[in-house]
Amino acid sequence: MRVLWATIYKDWLILIRDRVGLSLMFGMPILLAILITSVQNSAFELVNDNKVHVVICNQDTGSTAKLLVDDLQKVGMFHVEQLPGIYNLTMFKENFFKKDALVGLLIPKGFSAQLDARIWEISSQALGDFGLGIGKQKESIRGDSLIMYYHPVLQQSYQESIRSAVMGVLQLVENKKLIGHLYRSINDKEMPAEFEDLMLHNQPQIKSIPILR
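Residues numbered from 1 in each chain as written. Predicted model: local features only at pLDDT ≥ 70, side-chain atom pairs only at ≥ 80, totals over all residues. Heavy atoms only, no water.

S.K.: So what exactly am I meant to see when it comes to the pattern of salt bridges here?
M.R.: Pairing between side chains becomes possible if they bear opposite charge and their charged atoms approach one another. A complete count under the given rule lists 7 salt bridges for this structure. Here Glu 81 makes a salt bridge to Lys 99, at a shortest N to O gap of 3.0 Å. Within this pair, whereas Glu 81 is found in strand S2 (residues 78-82), its partner Lys 99 is found in the loop between helix H4 (89-98) and strand S3 (103-107), the two being separated by 18 residues in sequence. Exposure remark for Glu 81: the relative accessible area of 25% places this residue in the partly exposed category. What makes Lys 99 partly exposed here is its relative accessible area of 27%. Linking Glu 160 and Arg 163 is a salt bridge whose minimum nitrogen-to-oxygen distance equals 3.9 Å. A residue pair is termed a helical-turn pair when its members lie 3 or 4 positions apart in one helix, as Glu 160 and Arg 163 do in helix H6 (residues 156-187) at 3 residues. In this structure, a network of salt bridges that share partners links the residues Asp 71, Lys 74 and Lys 176. (Salt bridge = Lys/Arg side-chain N within 4 Å of Asp/Glu carboxyl O. Helix = DSSP H or I, 4+ residues; strand = E, 2+ residues; numbered from the N terminus. Buried < 20%, exposed > 50% of the residue type's maximum accessible area, 1.4 Å probe, protein only.)

Below is the structure:
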């Protein structure tokens, strides 16, 4: 037992004499915890207290791509900035960091044609089930997908939140086009604005209430 206490006492004397080692042993974990917490909190405030800065490079000239950009501008969580002209990937990345953006969207050529062909295919099948043909079905068009670039500061959870918001806007655009196409096919005229508003924007709301004891 004496040997054990003597060893502990000897190590204690060595430890208190090595002030640098003692400070590193207790100070570094505390400093690391403060640093990580500060970085995470800064990223959280950057995403949640401000609009997410999004730069868009639209390489497509179709109406669907333009509608997507317009609807993204209407979403409250995004500050959208379009890059003028047709950019290649290198120029896009340079402007992404130059403008301090958090997210970059690249809309490739053929995006509108691909989505319009998908809408035509869905509406053809839906109306065909009711015996309402709308002409020869368009050939399916394969195009590049919408590409989202993100800043390395964004954590995985924030990336998924932004991705979900963009997908929600994309789904809204597709629904607009699909409903308009079905309406024109059945009524042989453009869909009224009030009908579109009724179908797309007059949706049930979700009320969030904290549960208390």
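Next, the rest of the story.
S.K.: Got a minute to help me understand H6 in this structure?
M.R.: Between the first and last C-alpha of H6 there are 46 Å, a value that for 32 residues agrees with the 46 Å anticipated at 1.5 Å per step. Looking one or two residues beyond H6, the residue adopting positive phi is Asp 188, at roughly 60°. (Expected span 1.5 Å × (residues − 1).)

S.K.: Which parts of the structure should I look at to understand the environment of Ser 63?
M.R.: By the element assignment, Ser 63 lies in helix H3 (residues 63-74). For Ser 63 and Phe 111, which are 48 residues apart along the polypeptide, the C-alpha to C-alpha distance reads 9.9 Å. If we ignore the near neighbours within four places in the chain, the residues touching Ser 63 are Ser 112 and Lys 177. (Contact = heavy atoms within 4.5 Å.)

S.K.: Would you mind going over the packing of aromatic side chains with me for this structure?
M.R.: The description of an aromatic ring pair rests on the distance of the ring centres and on the angle between the ring planes. Considering all chains together, one arrives at 2 aromatic pairs under this definition. Ring centres 5.4 Å apart and planes at 50° place the aromatic pair Phe 92 and Tyr 149 in the tilted group. In this pair, Phe 92 sits in helix H4 while Tyr 149 sits in strand S4 (residues 147-150), placing the two residues 57 residues apart along the sequence. The partly exposed category is assigned to Tyr 149, whose relative accessible area is 23%. Look at Phe 96 and Phe 97: their rings are 5.2 Å apart centre to centre, the planes differ by 85°, and that puts the pair in the edge-to-face class. (Phe/Tyr/Trp six-rings, centres within 6.5 Å; stacked < 30°, edge-to-face > 60°.)

S.K.: Help me understand the nonpolar core, please; the structure alone is not making it clear to me.
M.R.: Note on soluble globular proteins: their nonpolar side chains tend to be buried together. Formed by 23 residues in total, the largest nonpolar core has its most connected members in Ile 56, Leu 68, Leu 72, Phe 78, Val 103 and Ile 162. Where this core is concerned, the elements lending two or more residues are strand S1 (52-58), H3, S2, S3 and H6. Per-element tally for this core: the top contributor is H6, with 7 residues. Among residues more than four places away in sequence, those in contact with Val 103 are Val 52, His 53, Val 54, Val 55, Phe 96, Met 148, Tyr 149, Tyr 150, Leu 154 and Ile 162. (Core = buried A, V, L, I, M, F, W, Y, C linked by side-chain atoms within 4.5 Å.)

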